[in-house]
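# Observations on the model geometry
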There are 2 protein chains.
Amino acid sequence: MKTRPPSGTRDFLPDDIRRREHVIGVVRTVYERYGFEPIETPAFENIETLLGKYGEEGNKLIFKILKRGEHERTGEADLALRYDLTVPLARVVAQYQNQLPKFFKRYQIQPVWRADRPARGRFREFFQCDIDAIGSTSTLVDVELLSSASEVLGRLGFHDFVLRVNHRRALTALLECAGVPMEQHTDALIALDKLDKIGLAGVEQELSARGVEIEATKACLDFFSDARRDEPSQDVPLQRMREFVKSHAAGASAVDELREIVQLAEATPAQGRIRIDPSLARGLSYYTGAIMEIAVPDLAGSLGGGGRYDNLIGMFLGHDVPATGLTLGLERIIVVMTERGMFPPEVGRGGVDVMVTLWNVESRADAVALARELRQGELRVDVYPDADRLGKQFKYAASRRMPFVAIVGDDERARGEVAVKDLRSGEQTAVPRAEAARFIASRLANNG
Amino acid sequence: MKTRPPSGTRDFLPDDIRRREHVIGVVRTVYERYGFEPIETPAFENIETLLGKYGEEGNKLIFKILKRGEHERTGEADLALRYDLTVPLARVVAQYQNQLPKFFKRYQIQPVWRADRPARGRFREFFQCDIDAIGSTSTLVDVELLSSASEVLGRLGFHDFVLRVNHRRALTALLECAGVPMEQHTDALIALDKLDKIGLAGVEQELSARGVEIEATKACLDFFSDARRDEPSQDVPLQRMREFVKSHAAGASAVDELREIVQLAEATPAQGRIRIDPSLARGLSYYTGAIMEIAVPDLAGSLGGGGRYDNLIGMFLGHDVPATGLTLGLERIIVVMTERGMFPPEVGRGGVDVMVTLWNVESRADAVALARELRQGELRVDVYPDADRLGKQFKYAASRRMPFVAIVGDDERARGEVAVKDLRSGEQTAVPRAEAARFIASRLANNG
């Protein structure tokens, strides 16, 4: 029998879970501080809910579930695994429109599944940590997204991230002003989205290959070759964009929105983090306004991203509702934190504070009673199950990185004491039984 | 476009999630206090990992995932959704045998999926909260399971649950001593398992229908008709079992194990909870030792259950490893707690402590700055995104059950103050801006 998890998926052992829970705990706390409220949706959706929402490539990556019972033999699928958290949110907003507040701010931390070819850092099951704000067109809401992502990353110990920000309508205006006809915008955006990976020359080649005229290509590259800057003040890129879009009304108002976002963000934890990046396009076609992506120097991809999508919910609701959202990629955050050694020491501790040893078979009831007392002191307590010799029990506890063992031998029992042994120092202390929990807890608080 | 979740599944809105998280939080805390460590496994397994593990009925209820790409048209499945948490655990124990401790105590809180016909309280996606202890045959470990389940339920506010306990080998011995031949045991167990639902007469009928001879049926019923008692002392049922199995060696040792469990549990939070129930069989065929089920008076089914299964892991590992486990059903716990009104008041509070109102468009930066200050005081803070008239903003906050709103008008700004309005009492207080977070936090602590 094969015992490996399916291709592209992972089992998480206790140390993995503690790292994940540490990050999720910070994410959840910050999201709640920002007034986002939790929802969860089923792992699978009716298949027609998902098909057609993620483009042709996305459709192919959706895991489909066979019909059941007599219909199984048809080989048809009626359900499909969640592919992201945004489409289920759009469905939820439509389904519960009368119960949800006018401004619905939700967070959702759940796995999604994509039948991508597995690769280093690319999984078929991975977690997204999404926040979305539904119902308002205010840039204040976009800023709250940027601010909460900044606070999450700051609390996790990231001090070198930047928030790349652009605007879909500004991008459209830039392309129009460069002379790229509307029907070539998607192609041009796909090419420009690769600026990071293939450089200016690569983008030029790709624009030509996709049939963009030489004049327009040249105008694009003139603008974009000097567009990305890494300095705190965003006046220069905003000014360049403003000048390039000139009298293009939609473009000018999009640049104004970007300027508002930059200014408002200065009063938040996103202060100094924003980098206007006119070449940022982001893949998904449903974005309509400000778009954003979180970058750290030592990661090729992004730690997260998002943007405003004012039409997607309308596909379910029947009328458009403004919406903007951001996702943090749990796996990538953990990869970088692990490589940089960013987890606090307590996350690396094992799952047990103290193990009650078993003196002999007759003292089993006393061992579980002691465990109960220690647990009442809020300790994480294991009980060794067999009356093996004490050295073997200590060795087992040490192999599980338990800092303390508690021993009640005949002498200790006679004196109403517990012998507490610190397995890291080897030091053994006899303490009155009623004091044992407090003794161990204070030692743990002092030296981890 | 349909907007309901798929049949048998549910969307969880914020109030639902807060109830679920309250229960999961208690479960996790107690499990950790007992030295269980968290693992998680993928939502789907290779299909051959699951098929054949849950009996013929189980096989039919497994959600199967279509092969992808060019293989999709074959209509074949290569993956299947997790059906329980025990089989994935058995796979994990085999896969990571060299990394896991000799006594591996793990907890796992994840959804499982079963294509059951949806009904009231029966879902196709539901959560299990499992603990299992691998590697020891000691009854001390079974007692730790019963104890931790008792502590979970006690902390959640259950004071009327009982732990029905039996032993598979004792049950086998009882049937043998009653004269039911081995090949009829499974049939007889299925019939006896229905004692709760169909009563003694029903069981008698079913035993006959399944070909159990009249003498054996009579002996069974003589014993089982008086077997269930609801009194704290377990001496009588243990004694009756011991007498009925007489010289049946395996049966006698099984009854001894039950007696040990009862005695040891007296030193734990399971004290007084155990009811030896010789008719308890539990469905799954992989149990081999002590079995247990958690009952409350106002629920027909159980809140959870489990037992010892010493052979299942061997199917993956190649050699048998002793194991015992228990699952708590999150959904059923929540159903009973909701019907009884057992959730603490703070779980019923909304997700926001205070909303910062927006005085006018010009003060947006000041509003996000105030939100930042309040968040630094650990409050959950929303900011109203538009400069609507104040009455409308208050109404919105009240509709979301936010207890407080913070207002900075021109006067307050001039005086360095914030007006804090308690939306429940209507009382409005001007406080120095630097004091606002502490003021609101202390009001929340005092009256929820």
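Residues numbered from 1 in each chain as written. Chains lettered and ligands numbered in written order. Predicted model: local features only at pLDDT ≥ 70, side-chain atom pairs only at ≥ 80, totals over all residues. Heavy atoms only, no water.

Here we take up the packing of helix 10 (residues 235-245) of chain B against helix 11 (residues 249-265) of chain B. Residues and elements named next belong to chain B. Viewed as axis vectors pointing N to C, helix 10 and helix 11 meet at an angle of 170 degrees, and their least axial separation amounts to 9 Å. In terms of their interaxial angle, helix 10 and helix 11 are classed as roughly antiparallel. Contact with helix 10, carried on its side by Leu-238, Gln-239, Met-241, Arg-242 and Val-245, involves Gly-251, Ala-252, Val-255, Leu-258, Arg-259 and Val-262 of helix 11 and no other residues of that element. (Axes fitted to C-alpha atoms, helices over the stretch in contact; angles between N-to-C directions. Helix = DSSP H or I, 4+ residues; strand = E, 2+ residues; numbered from the N terminus. Parallel < 35°, antiparallel > 145°, perpendicular 65-115°, else oblique. Contact = heavy atoms within 4.5 Å.)

Let us now look at the packing of aromatic side chains. Two aromatic rings, taken as a pair, are described by how far apart their centres are and by the angle between their planes. Residues and elements named next belong to chain B. Under the definition given, this model contains 22 aromatic pairs over all chains. For the ring pair Tyr-384 and Tyr-396, a centre distance of 5.6 Å and an interplane angle of 70 degrees mean the geometry is edge-to-face. Residue Tyr-384 is located in the loop between strand 13 (381-383) and helix 15 (390-399), and its partner Tyr-396 is located in helix 15; the two are separated by 12 residues in the primary sequence. Looking at Tyr-384, the relative accessible area reads 0%, which means it is buried. (Phe/Tyr/Trp six-rings, centres within 6.5 Å; stacked < 30°, edge-to-face > 60°. Buried < 20%, exposed > 50% of the residue type's maximum accessible area, 1.4 Å probe, protein only.)

Further remarks concern the domain arrangement of chain A. Domain assignment breaks chain A into domain 1 (14-345) and domain 2 (350-447). Here domain 1 of chain A and domain 2 of chain A have C-alpha centroids that lie 50 Å from each other. (Domains from an automatic or database assignment.)

The next subject is the relation of the copies chain A and chain B. Put simply, the second copy of the chain is the first one after a rotation about an axis and a shift along it. For the pair chain A and chain B, the relating rotation is 180 degrees, the translation along its axis is 0.0 Å, and the fit reaches an RMSD of 0.1 Å. Overall, the copies show the geometry of a two-fold rotation axis. Among all residues of chain A, the one whose C-alpha sits closest to the rotation axis is Gly-75 of chain A, at a distance of 1.9 Å. The share of interface residues of chain A whose copies in chain B are also at the interface is 100%, consistent with both copies meeting through the same surface. (Least-squares fit on C-alpha atoms with pLDDT ≥ 70 in both.)

Right, let's talk about the interface of chain A and chain B for a bit. The interface is formed by 96 residues belonging to chain A together with 96 residues belonging to chain B. Counting every contact that joins chain A to chain B gives 18 salt bridges. At the boundary of chain A and chain B, one finds 48 residue pairs in polar contact (both at pLDDT 80 or more). At 7 residues, the largest contribution of residues to the side of chain A that touches chain B is made by helix 1 (residues 14-33) of chain A. Of the residues contributing to the side of chain A that touches chain B, the split by class is 46 nonpolar, 16 polar and 34 charged. (Salt bridge = Lys/Arg side-chain N within 4 Å of Asp/Glu carboxyl O. Polar contact = N/O pair within 3.5 Å; in protein donor to acceptor, adjacent residues only side chain to side chain. Nonpolar A, V, L, I, M, F, W, Y, C, P; charged D, E, K, R; others polar.)

It is worth spelling out the environment of Leu-13 of chain A at this point. Note that Leu-13 of chain A resides in the segment before helix 1. By relative accessible area, which is 11% here, Leu-13 of chain A ends up buried. Ignoring sequence-local partners within four residues, the contact set of Leu-13 of chain A consists of Pro-38, Ile-39, Val-92, Tyr-96, Gln-99 and Leu-100 of chain B.

All right, on to the sheet that holds strand 14 (residues 404-407) of chain A then. Residue and element names in this part refer to chain A. Spatially, 5 strands are ordered 13-12-14-15-16 in an open sheet, and the strand pairing comes out mixed. If you trace the sheet from one side to the other, it starts and ends with strand 13 (381-383) and strand 16 (428-432), each paired once. Taken pair by pair, the neighbouring strands of this sheet meet at an average axis angle of 25 degrees, ignoring direction. Here strand 15 (residues 417-422) runs beside strand 16; their pairing, made up of 5 bridges, is antiparallel. Paired with Lys-421 across the strands is Gln-428, a residue of strand 16. Lying on the sheet, helix 15 (residues 364-376) is in contact with strand 12 (354-356), strand 13, strand 14 and strand 15; it crosses strand 13 at an angle near 175 degrees. (Pairing = 2+ DSSP bridges.)

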